[in-house]
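Structure at a glance
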Amino acid sequence: MTFIKKLESAWQSQNSLLMVGLDPDPERLPVSMKQNRESTFEFCKGIVDASAPYACGFKPQIAYFASQGAEEQLSQLCAYIHKTYPHLPIVLDAKRGDIGTTAEHYAREAYERYKADAVTVSPYMGFDSIEPYLAWKDRGIIILCRTSNPGGSDLQFVESSCGEPLYLHVASLVAEKWNTHGQCGLVVGATFPEELSKVRERVGDAMPLLVPGIGAQGGDIEATVAAGRNGAGTGMMINSSRAILYASSDENWQEEAARVARETRDQINQARGI
Ligand SMILES: O=C(O)c1cc(=O)[nH]c(=O)n1[C@@H]1O[C@H](COP(=O)(O)O)[C@@H](O)[C@H]1O
């Protein structure tokens, strides 16, 4: 099954647009856990099990694993998710971008080594830096468009040669030229609902948007849903990481993670009118 079909099916079967971000900071693990690589896996597995009923997918952030030499734990986690929750897609957040020959290896890292259903990439080195990912027709490529951080405006708001901000130019390029097999999506931050709505309008209903920025970054759920939903009331993977992961560091960390995930799913659904 392709990434896009798996995601669409998860939106329906889970009745959820919530993507749970897996950003395991060794310094913020539950107090009962030791700060080591094995705990990184155990913690993420615990979060996955607690939040799976409320999620449309999981987004592990590679830097949190690589910075502590926990790549094997990331592989183990992806294998665990595929085996236990085969209906929930994994978006590997790696934000890669490099010349084609190198990009080929980044694609293999994401799709072969970690068996991710999709990976985040940067568009700024152009089409040949994206092309190697397109060869994996059943996988997804989620391209940075209007990121959630304040500094995103430094470049993404620069006027492009077409006389509009660069992020909209990226949205058009991906929708009209790069998305040759219908496997691309875009990253647009929940912290910028106005731009989110412009991107949705530009790319139409079919393209999924990865929308980080609710929870710890303070994005407004109602405004996000109103701006980014498609005609079917879906179309978004609305990501929350720290608000769920670190809801509690006490004995009840799994229960609290589950509670925040459920409440976030419910707030998103309420904004969808469900
Ligand atoms: O590609 C991403 O996932 C991403 C893009 C973006 O524009 N902003 C953004 O915060 N992210 C990621 O989304 C997650 C947000 O985490 P929280 O702010 O803790 O919910 C982190 O893993 C970020 O790396």
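What you see is a predicted model; the values in this text were computed from it and never measured.

Calculation criteria
- Residues numbered from 1 in each chain as written.
- Predicted model: local features only at pLDDT ≥ 70, side-chain atom pairs only at ≥ 80, totals over all residues.
- Heavy atoms only, no water.
- Helix = DSSP H or I, 4+ residues; strand = E, 2+ residues; numbered from the N terminus.
- Rg over C-alpha atoms; globule rule 2.2 N^0.38 Å.
- Buried < 20%, exposed > 50% of the residue type's maximum accessible area, 1.4 Å probe, protein only.
- Contact = heavy atoms within 4.5 Å.
- UniProt positions renumbered as here; feature names shortened; annotations may be inferred.
- Polar contact = N/O pair within 3.5 Å; in protein donor to acceptor, adjacent residues only side chain to side chain.
- Phe/Tyr/Trp six-rings, centres within 6.5 Å; stacked < 30°, edge-to-face > 60°.
- Pairing = 2+ DSSP bridges.
- Axes fitted to C-alpha atoms, helices over the stretch in contact; angles between N-to-C directions.
- Core = buried A, V, L, I, M, F, W, Y, C linked by side-chain atoms within 4.5 Å.
- Near = heavy atom within 4 Å.
- Areas by Shrake-Rupley, 256 points an atom, 1.4 Å probe, with all protein chains shown as cover.
- 1 Å grid on protein atoms, 1.4 Å probe; cavity = no way out; pocket = protein on both sides within 12 Å on 5 of 7 lines; lining within 4 Å.
- Sits in = over half its atoms within 2 Å of the grid points.
- Points joined across faces, edges and corners; volume = space filled by probe spheres on them.
- Nonpolar A, V, L, I, M, F, W, Y, C, P; charged D, E, K, R; others polar.

Things to note about the overall build of the protein chain
In terms of regular secondary structure, the protein chain is built from 12 helices and eight strands. The globule rule puts the C-alpha radius of gyration for 274 residues at 19 Å, and the 18 Å found for the protein chain is close to it. Residues counted as buried form 56% of the 274 residues belonging to the protein chain. The contacts of the protein chain with a sequence gap of at least 6 include a subset with a gap of at least 24, amounting to 74%.

Describing the UniProt feature "active site" (unreviewed entry) in the protein chain
When the UniProt feature table is mapped onto this chain numbering, "active site" (unreviewed entry) sits at Lys 95. Looking at the secondary structure, you find Lys 95 in strand S3 (residues 91-96). When neighbours within four sequence positions are excluded, Lys 95 is seen to be in contact with Gln 61, Thr 120, Val 121, Ser 122 and Leu 144. There is a polar contact of 2.9 Å between the side chain of Lys 95 and the side chain of Asp 93.

Examining the packing of aromatic side chains
Geometrically, a pair of aromatic rings is defined through the distance of the ring centres and the angle of the planes. The tally for this structure, following the rule as stated, stands at eight aromatic pairs. With 5.4 Å between their ring centres and 45° between their planes, Phe 43 and Trp 253 make a pair best called tilted. Of this pair, Phe 43 sits in helix H2 (residues 37-51) while Trp 253 is found in helix H12 (residues 253-272), placing the two residues 210 residues apart along the sequence. For Phe 43, a relative accessible area of 0% translates into the label buried. Trp 253 sits in the buried class, given a relative accessible area of 9%. Between Phe 157 and Tyr 167 the ring centres are 5.7 Å apart and the planes differ by 40°, which places this aromatic pair in the tilted class. Residue Phe 157 is located in the loop between helix H7 (153-156) and helix H8 (166-178), and its partner Tyr 167 is located in helix H8; the two are separated by 10 residues in the primary sequence. Among the residues examined, Tyr 167 registers a relative accessible area of 1% and is labelled buried. Taken together through their ring pairs, the aromatic side chains of Phe 41, Tyr 80 and Tyr 85 make up a single cluster.

Some thoughts on the sheet that holds strand S8 (residues 236-240)
The parallel open sheet is built from eight strands, whose spatial order is S2-S1-S8-S7-S6-S5-S4-S3. The open sheet has two edge strands with one neighbour each: strand S2 (57-60) and S3. When strand polarity is set aside, the average angle formed by the axes of neighbouring strands in this sheet is 30°. Across the face of the sheet, H2 comes into contact with strand S1 (18-22) and S2 while running at roughly 170° to S1.

Here's the deal with the nonpolar core
One finds Leu 22, Phe 58, Ile 141, Ile 143, Leu 186 and Val 199 to be the most contacted residues of the largest nonpolar core, which totals 87 residues. Ile 141 has contacts with Tyr 111, Val 119, Val 121, Ile 130, Tyr 133, Leu 134, Gln 183, Cys 184 and Gly 185, leaving out every residue within four places of it along the chain.

Topic: the site of the ligand
By nearness alone, 17 residues border the ligand, and Asp 23, Ser 148, Gln 217, Ser 241 and Arg 242 come closest of all. Here a nitrogen atom of the ligand and a side-chain polar atom of Ser 148 are 2.7 Å apart. Coverage of the ligand by the protein chains reaches 90% of its 510 Å² of free accessible surface. When atoms are counted within 2 Å of each cavity's grid points, the one that captures over half of the ligand is the largest pocket. The set of elements that each furnish at least two residues to the shell around the ligand consists of S3, strand S7 (209-212) and S8.

Some words on the pairing of strand S5 (residues 140-146)
S5 sits mainly inside the fold: seven of its seven residues count as buried. In this structure, strand S4 (residues 118-121) lies alongside S5, joined through four bridges in parallel fashion. By the bridge assignment, Ala 118 is partnered in S5 with Gly 140. Bridge analysis of S5 against strand S6 (residues 184-188) gives five bridges, and the strand direction is parallel. Pairing of Leu 144 across the sheet is with Val 187, part of S6.

A few points about the layout of surface pockets
Space inside the largest pocket adds up to approximately 440 Å³. Lining the largest pocket are 23 residues, and of these Lys 59, Lys 95, Ser 148, Pro 212 and Gln 217 sit closest to its centre. Taken together, the elements giving at least two residues each to the lining of the largest pocket come down to S3, S7, S8 and helix H11 (242-245). Across the lining of the largest pocket, the residue classes tally to eight nonpolar, 10 polar and five charged.

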